[in-house]
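Below are the chains, spelled out letter by letter.
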Amino acid sequence: MIIIKTSLIILILLCTMSCGIVGNATKSTDQVKIQGVWLAQTESVNGTKKNVSFIYAFKRDKLTFTDETGKEVTYSFKLDTTGSLKFIIIQPDVTLNISAPVSIAYELYGDTLKIVIAPAGLIPTEISDKNNYELIICKRKRS
């Protein structure tokens, strides 16, 4: 009887531990997949599309954005994957005089990253270029 109870307790502990590991692996999957350099190719707002050449470089918990003129801005970031819509939450560098974090919606499929930026003060509610949302399509840079 004691052996059965001990075995049952061990089984429950193993299941609990493995569920915790799987849960953490799921949460960190996008964190791993998003690492690297992403080349923005198109940007659209309300159906108006244009070609762009921004660069987003994710390294650990830092995001470096390079605009078309070559100017770089570095942010701290974390991912929020808890809801049906996923967010990159960026904290601007203090030198930008912006203290509030900004939530940017994203979708990540293979070598394609879609980023949605809402107008100032708003948070995106969907992956689209409607409602003055800026939809940026990026492709992973391969070495």
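That block above? That's the structure.
Not measured: the values here are computed from a predicted model.

**Student:** Could you clarify how one ought to interpret the overall build of the protein chain in this entry?
**Tutor:** Along the protein chain, the regular secondary structure elements total one helix and nine strands. Order of helices (α) and strands (β) in the protein chain, N terminus to C terminus: α-β-β-β-β-β-β-β-β-β. Taking all 143 residues of the protein chain together, 31% fall into the buried category. Of all intrachain contacts in the protein chain linking residues separated by at least 6 positions in sequence, the fraction that spans at least 24 positions is 36%. Total accessible area computed for the protein chain in this model is approximately 9500 Å², and 61% of it derives from carbon and sulfur atoms.

**Student:** Would you take a moment to explain the packing of aromatic side chains for this structure?
**Tutor:** Think of a pair of aromatic rings as described by two things: how far the centres are apart, and how the planes are tilted against each other in angle. Tallying each qualifying case throughout the model produces three aromatic pairs. Aromatic pair Tyr56 and Phe65: ring centres 5.2 Å apart, planes at 45°, arrangement tilted. On the accessibility criterion, Tyr56 (8% relative accessible area) is buried. Owing to a relative accessible area of 18%, Phe65 belongs among the buried residues under this scheme. Ring centres of Phe58 and Phe77 lie 5.1 Å apart, and the angle between their planes is 80°; this geometry places the pair in the edge-to-face category. Pair noted here: Phe58 is in strand S3 (residues 55-59) and Phe77 is in strand S5 (residues 72-80), with a separation of 19 residues, a long-range link. Of the aromatic side chains, those joined through ring pairs into one cluster are Phe54, Tyr56 and Phe65.

**Student:** Just checking my understanding: could you explain the environment of Lys114 for this structure?
**Tutor:** Of note, Lys114 is situated in strand S8 (residues 112-117). Taking the relative accessible area as the measure of exposure, Lys114 reaches 29% and is therefore partly exposed. As a C-alpha pair, Lys114 and Leu135 span 21 residues in sequence and 6.9 Å in three-dimensional space. If we ignore the near neighbours within four places in the chain, the residues touching Lys114 are Ala105, Tyr106, Glu107, Ile127, Leu135, Ile136 and Ile137.

Criteria and cut-off values
Residues numbered from 1 in each chain as written. Predicted model: local features only at pLDDT ≥ 70, side-chain atom pairs only at ≥ 80, totals over all residues. Heavy atoms only, no water. Helix = DSSP H or I, 4+ residues; strand = E, 2+ residues; numbered from the N terminus. Buried < 20%, exposed > 50% of the residue type's maximum accessible area, 1.4 Å probe, protein only. Contact = heavy atoms within 4.5 Å. Areas by Shrake-Rupley, 256 points an atom, 1.4 Å probe, with all protein chains shown as cover. Phe/Tyr/Trp six-rings, centres within 6.5 Å; stacked < 30°, edge-to-face > 60°.

Geometric descriptors of this kind do not, in isolation, establish any biological role.
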